[in-house]
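# Geometric and topological summary
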Amino acid sequence: MVQQVLVAPDKFKGSLTAAEVAARVSAGLGVPTVELPVADGGDGTVDAAVAGGFSRVTIEVTGPTGERISASYAWQDAGATAVVELAEASGLRRLPAGHEPLTATSHGTGELIADAVRRGAKRVVLGLGGSACTDGGAGMAQALGARLLDADGDDLPRGGAALKGLARIDLSGFVDVSGVEFVVASDVDNPLLGPHGAAAVYGPQKGATPDDVRTLEAGLTRLAAVATATHGLMGAVEHDDTPRAMGVAGAPGAGAAGGVGFAALAFLHAELRPGIGYLLDLLGFGELVKDARLVITGEGSLDEQSLRGKAPVGVARAAAEAGVPVVAVCGRRTLTDEELRAAGIEAAYALTDLEPDPERCMAEAGPLLERLAARLAAVHLQGD
């Protein structure tokens, strides 16, 4: 039996989806391949699940600034599993120009989850990445039936800034999720609060000024404190006017996606799992790699971020367990050969090896990738 080549790349952001990368690589190799587009929980996770055999469910939800948008999640009848990607409904790519970071909401993500639960989901995989909001998952909780109330008993407006006025959380109308397993697929290990928390680290990436960061931090602190007081959660406590992240608020990953990780832990009792590793299991990578002689992975930029649990390194680790060698394709690379080998990648081929102009690499990524794959095949697939 001729062993196949398993092509398992992430997207080339701004140029090609993961499925398009896989197709272009396969076309350039000229040998039998199995294509398995992958993702690490961020942008493209739903697309990767659909390419892996899930069906796409598209509904209308609330975007991060309150507008109605169409967003999708992936559904698999076997096991009644839904893959929900926060970036689909509440992602940075959904933000219009001149957005307001203080009012951005995760409400649409909660609407996707609610729809999956109504469909009969027994397991919901929530991919966190590319978030536009820093609301601690308050919007997601509101969409699932939670009421966040001020001192007068009125519902708070959406967004992280409003959380400063939170007095009580009413979960009496919360969607029944007692029979649903929730898994958060994320490699972010930040807590909710503090200098390494959601507001301080990720707020500026979403347009928050230093004053905005302080406002958002105060809101997240209040959310955790009220959750602690009213629902028996270990959240944030204040001593000498200093908030300290404890329990759920201090858990690694609570700060993911502007604090949506906290809400998933606190209200959905989710389990946090490494993003790429869990999604590879979900897509059946372990079975496919058994019949492979070579795995080709990749992403737009192979750099230091790639070493922190991004898709190519996750693929390399999983392939190493099966004893299958791995090479990578990318738009550009800044990692040395030694760094690549330490990560389990034998070699990497970049579009910039063929075309030094980054803009042309972006515009002509598909044809260049086919040429790159042919070059890779000449080295690693001789005799096929």
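Residues numbered from 1 in each chain as written. Predicted model: local features only at pLDDT ≥ 70, side-chain atom pairs only at ≥ 80, totals over all residues. Heavy atoms only, no water.

Secondary structure assignment for the chain yields 15 helices and 15 strands. Each principal axis of the C-alpha distribution contributes one length, and for the chain these read about 75 × 45 × 35 Å. Evaluated residue by residue, the chain yields a buried proportion of 56% over its 384 residues. Of the contacts formed within the chain by residues at least 6 apart in sequence, a portion of 70% connects residues at least 24 apart. Of the roughly 15,500 Å² that the chain leaves accessible, carbon and sulfur atoms contribute 49%. Taking the average place of the 31 positive charges on the side chains of the chain and the average place of its 49 negative ones, the gap between the two points comes to 1 Å. (Helix = DSSP H or I, 4+ residues; strand = E, 2+ residues; numbered from the N terminus. Buried < 20%, exposed > 50% of the residue type's maximum accessible area, 1.4 Å probe, protein only. Contact = heavy atoms within 4.5 Å. Areas by Shrake-Rupley, 256 points an atom, 1.4 Å probe, with all protein chains shown as cover. Lys, Arg positive; Asp, Glu negative; His and termini not counted. Charge placed at Lys NZ, Arg CZ, Asp CG, Glu CD.)

With that settled, the discussion passes to the nonpolar core. Within the largest apolar cluster, 65 residues are counted, with the highest numbers of intra-cluster contacts made by Ile113, Met140, Phe182 and Phe262. Sort the elements by how many residues they give to this core and helix 9 (residues 256-268) lands first, with 10 residues. Residues contacting Phe262, with those up to four places away along its chain left out, are Gly136, Leu192, Leu223, Ala224, Ala227, Val248, Ala249 and Ala254. Judged by nonpolar contacts, the second largest core, of 36 residues, contains Val38, Val183, Ala311 and Val315. (Core = buried A, V, L, I, M, F, W, Y, C linked by side-chain atoms within 4.5 Å.)

Our next topic: helix 10 (residues 275-283). When you tally the buried positions in helix 10, you get seven out of nine residues, the bulk of the element. Along helix 10, the residues that are buried comprise Gly275, Ile276, Tyr278, Leu279, Leu280, Leu282 and Leu283. Phi turns positive, to about 80 degrees, at Gly284, one or two residues after helix 10.

As a further point, take the side chain of Glu299. One can find Glu299 in strand 13 (residues 292-302). Buried and without a salt bridge, Glu299 has Lys310 as its closest oppositely charged side chain, separated by 5.0 Å. Here the side chain of Glu299 touches Ser306 through a polar contact of 2.4 Å, side chain to side chain. With residues up to four places along the chain from it excluded, the contact list for Glu299 reads Asp10, Lys11, Phe12, Ser306, Lys310, Pro312, Val329, Cys330 and Gly331. (Salt bridge = Lys/Arg side-chain N within 4 Å of Asp/Glu carboxyl O. Polar contact = N/O pair within 3.5 Å; in protein donor to acceptor, adjacent residues only side chain to side chain.)

The next thing to look at is the pattern of salt bridges. Under the criterion given, the structure shown has 19 salt bridges. A salt bridge links Glu60 to Arg68, with the nearest nitrogen and oxygen atoms 3.3 Å apart. Take Arg68: its relative accessible area is 45%, and that puts it in the partly exposed class. Salt-bridge contacts for Asp115 lead to Arg118; the nearest nitrogen and oxygen are separated by 3.8 Å. Of this pair, Asp115 and Arg118 both sit in helix 4 (residues 107-119), separated by three residues, roughly a single helical turn.

For the rest of this paragraph, the subject is the pairing of strand 15 (residues 347-350). Because side chains alternate across strand 15, one face comprises the buried residues Ala347 and Tyr349, and the other comprises Ala348 and Ala350, equally buried. Note that strand 14 (residues 326-333) and strand 15 share four bridges and pair parallel. By the bridge assignment for strand 15, Cys330 is matched with Ala350. For the crossover from strand 14 across helix 13 (residues 337-342) to strand 15, the handedness is right-handed. (Pairing = 2+ DSSP bridges. Right-handed = clockwise from strand over helix to strand, strands pointing away.)

Let's shift gears to the sheet that holds strand 9 (residues 181-185). Strand pairing in a sheet is mediated by backbone hydrogen bonds. Such pairs are either parallel or antiparallel. If you trace the six strands from one edge of the open sheet to the other, you get 3-4-5-6-9-12, paired in mixed fashion. The outermost strands of the open sheet, each flanked by one partner alone, are strand 3 (55-62) and strand 12 (271-273). Along the sheet, successive strands turn relative to each other by an average axial angle of 30 degrees, direction set aside. Bridge count for strand 5 (residues 81-85) against strand 6 (residues 123-127) is five bridges, and the pairing is parallel. By the bridge assignment, Ala82 is partnered in strand 6 with Val124. Here helix 10 sits on the sheet and contacts strand 5, strand 6, strand 9 and strand 12; the angle it forms with strand 6, its principal contact strand, is near 140 degrees. (Axes fitted to C-alpha atoms, helices over the stretch in contact; angles between N-to-C directions.)

Let us look at the confidence of the model for the chain. For the chain, mean pLDDT is 91; residues scoring 70 or higher make up 93% of the total. Of the regions scoring below 50 in pLDDT, residues 232-243 engages in 31 contacts with residues more than four places distant in sequence or in other chains. (pLDDT = per-residue confidence, 0-100.)

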